[in-house]
Amino acid sequence: MSTQDTPAPDENRLIAERRAKLSTLRELGPVYPNDYRPDTHAATLHADYGALEAEALETQGIQARVAGRMMLKRVMGKASFATLQDASGRLQLYLDRGVLGDEAYAAFKTWDIGDILGAEGQVFKTNKGELSLRVQSLRLLSKSLRPLPDKFHGVADQELRYRQRYVDLIMTDSTRQTFLARSRIVNAIRQIMTDANFLEVETPMLHPIPGGAAAKPFITHHNALDMEMYLRIAPELYLKRLIVGGLERVFEINRNFRNEGVSPRHNPEFTMMEFYAAYTDYRWLMDYTESLIRETALQVCGTADLSYQGQPLDLSRAFDRLTIVEAIQKYAPAYTLAQLQDEAFLRQDLRRLGAEVDGPVLANVGLGALQLALFEETAEAKLWHPTFIIDYPIEVSPLARASDTQAGITERFELFACGREIANGFSELNDPEDQAARFQAQVAAKDAGDEEAMYFDTDYVRALEYGMPPTGGCGIGIDRLVMMLTDAPNIRDVILFPHLRRED
């Protein structure tokens, strides 16, 4: 057991006291009843009656049944106050011994912060104007054995927040608001997609061949089939099979798994939306992706003129579009165009910047891939305003259509904002012979030591041989988009249960 999970001496004492109370309660009958049904929520009561004058509220005699966790408790002789927290917010309870009765009032005084209660009574306002419930009956619905953290305004310990999200959700209103916003963001995206005639689909999470991205997969074993399988790194190749099958617009919002590092912007298990539209290209995709993100911000945040970590972020302004070289020249202007066209210089400078130039990923690449590596080292983190970086080299884009006008370049973009990648899209490669050759090059790269290079997917090539219409496809990182729209600094802040090291 880690020190994080080892109760302090005082906490051990409190837990023992609460267990003793629970033991006493067990002698009196069922202690975790399941026959109480609230008929409203705290936020509903505030919305419906918060603006009424005290006299008008008293005259109406409104009755309510609520349930939630006791977060505050003030015992004052013959009358007491408590604060009940449910999924929607908080409501003050007023408890009068004369109304509740001596036995119920005495029982209440023994209950603890964190206990879950059911309360029924009349809605009224106190002398200070606070909407409250004058409790006529009160029940203990669930006994809390562990004391809540001694912090009213939230949990300060980040490790505790991520490892024990249930405690974080109880204690920290901003955490609850973040995940409510996440749900609204996903719902807004789903509605925008379906309104644009995209069909939501589900594709396999277990793949016989990992594909659709350059990433290291998680490996598992299927006992019944006696075969090695992989948690998917991307749904791309399955979604494009559906395009071949005649489903002209499809999208999927679901989990991807990549056996890579953990950082403020990376989690091995993350949520992506990928969508594909027949008879479109990467320029249409950029327009649509920009519109989708802006409309989502408007629906969820009420505005597209936001701020992120103290800096302005105006999603209402047109997103920039730059090539890799243009981005380097804009954000690292010390480089000359001649230097950016010189492979020997790029290798030398990348080595100076600490890139693994002699490793399996960069050892045998050409000019375009070296320019991309320099962009990642010098410009990517400076792309604050949403910016499409376009025209990626073929050698790092094995699934993208080659440009008809620029040798060695594909019709591909990546969208960056707040210094991180948000989306990746391209005109899809639908030439089966070209795709087979690209897969073969990836196999050679994997044989040379590149663990993230793709496998040769024979069935996908076979699907292309039946004919796939011209298509554009894009993947949007939902977690990073949520970070941007909720002003969250760390990807773990927008994932309910992020991956952490084992406690032991």
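Higher on the page you've got the structure.
If you're wondering where the values come from, they're calculated on a predicted model, not measured in any experiment.

**Student:** I'd like a rundown of the pattern of salt bridges, residues and numbers included.
**Tutor:** As enumerated under the stated definition, the model contains 29 salt bridges in all. A salt bridge links Arg 190 to Glu 200; the nearest nitrogen and oxygen atoms lie 2.9 Å apart. Placement of the pair is Arg 190 in helix H8 (residues 173-195) and Glu 200 in strand E6 (residues 199-200), with a sequence separation of 10 residues. A relative accessible area of 26% means that Arg 190 is categorised as partly exposed. When the shortest N-O distance is used, the salt bridge between Arg 321 and Asp 287 registers 2.6 Å. In this pair, Arg 321 is assigned in strand E14 (residues 320-323) and Asp 287 in helix H10 (residues 282-301), connecting sequence segments 34 residues apart. Take Asp 287: its relative accessible area is 45%, and that puts it in the partly exposed class.

**Student:** Can you break down helix H15 (residues 432-447) residue by residue, with the values?
**Tutor:** With 16 residues, H15 should cover 22 Å at 1.5 Å per step; its first-to-last C-alpha distance of 22 Å lies within 8% of that length. Those residues of H15 lying buried are Gln 435, Ala 436, Arg 438, Phe 439 and Gln 442. Looking straight down H15, one finds that the buried residues subtend no more than 165° of arc, so they occupy a single side. Residues of H15 that are exposed and angled more than 90 degrees away from the buried face: Glu 433 and Asp 447. One side-chain oxygen at the N-terminal end of H15 lies 3.0 Å from the backbone nitrogen of Glu 433; it belongs to Asp 431. Just downstream of H15 lies Gly 449, where phi reads positive at about 115°.

**Student:** Quick one: what's the story with the side chain of Arg 294, residue by residue and with numbers?
**Tutor:** Within the secondary structure, Arg 294 is located in helix H10. A distance of 2.7 Å separates a polar atom in the side chain of Arg 294 from a polar atom in the side chain of Glu 290. Side-chain polar atoms of Arg 294 contact the backbone oxygen of Leu 315, separated by 2.7 Å. Every residue in contact with Arg 294, bar those within four places of it in the chain, is listed here: Ala 304, Leu 315, Ser 316, Arg 317, Ala 318 and Phe 319.

About the thresholds
- Residues numbered from 1 in each chain as written.
- Predicted model: local features only at pLDDT ≥ 70, side-chain atom pairs only at ≥ 80, totals over all residues.
- Heavy atoms only, no water.
- Salt bridge = Lys/Arg side-chain N within 4 Å of Asp/Glu carboxyl O.
- Helix = DSSP H or I, 4+ residues; strand = E, 2+ residues; numbered from the N terminus.
- Buried < 20%, exposed > 50% of the residue type's maximum accessible area, 1.4 Å probe, protein only.
- Expected span 1.5 Å × (residues − 1).
- Arc of directions from axis to C-beta.
- Polar contact = N/O pair within 3.5 Å; in protein donor to acceptor, adjacent residues only side chain to side chain.
- Contact = heavy atoms within 4.5 Å.

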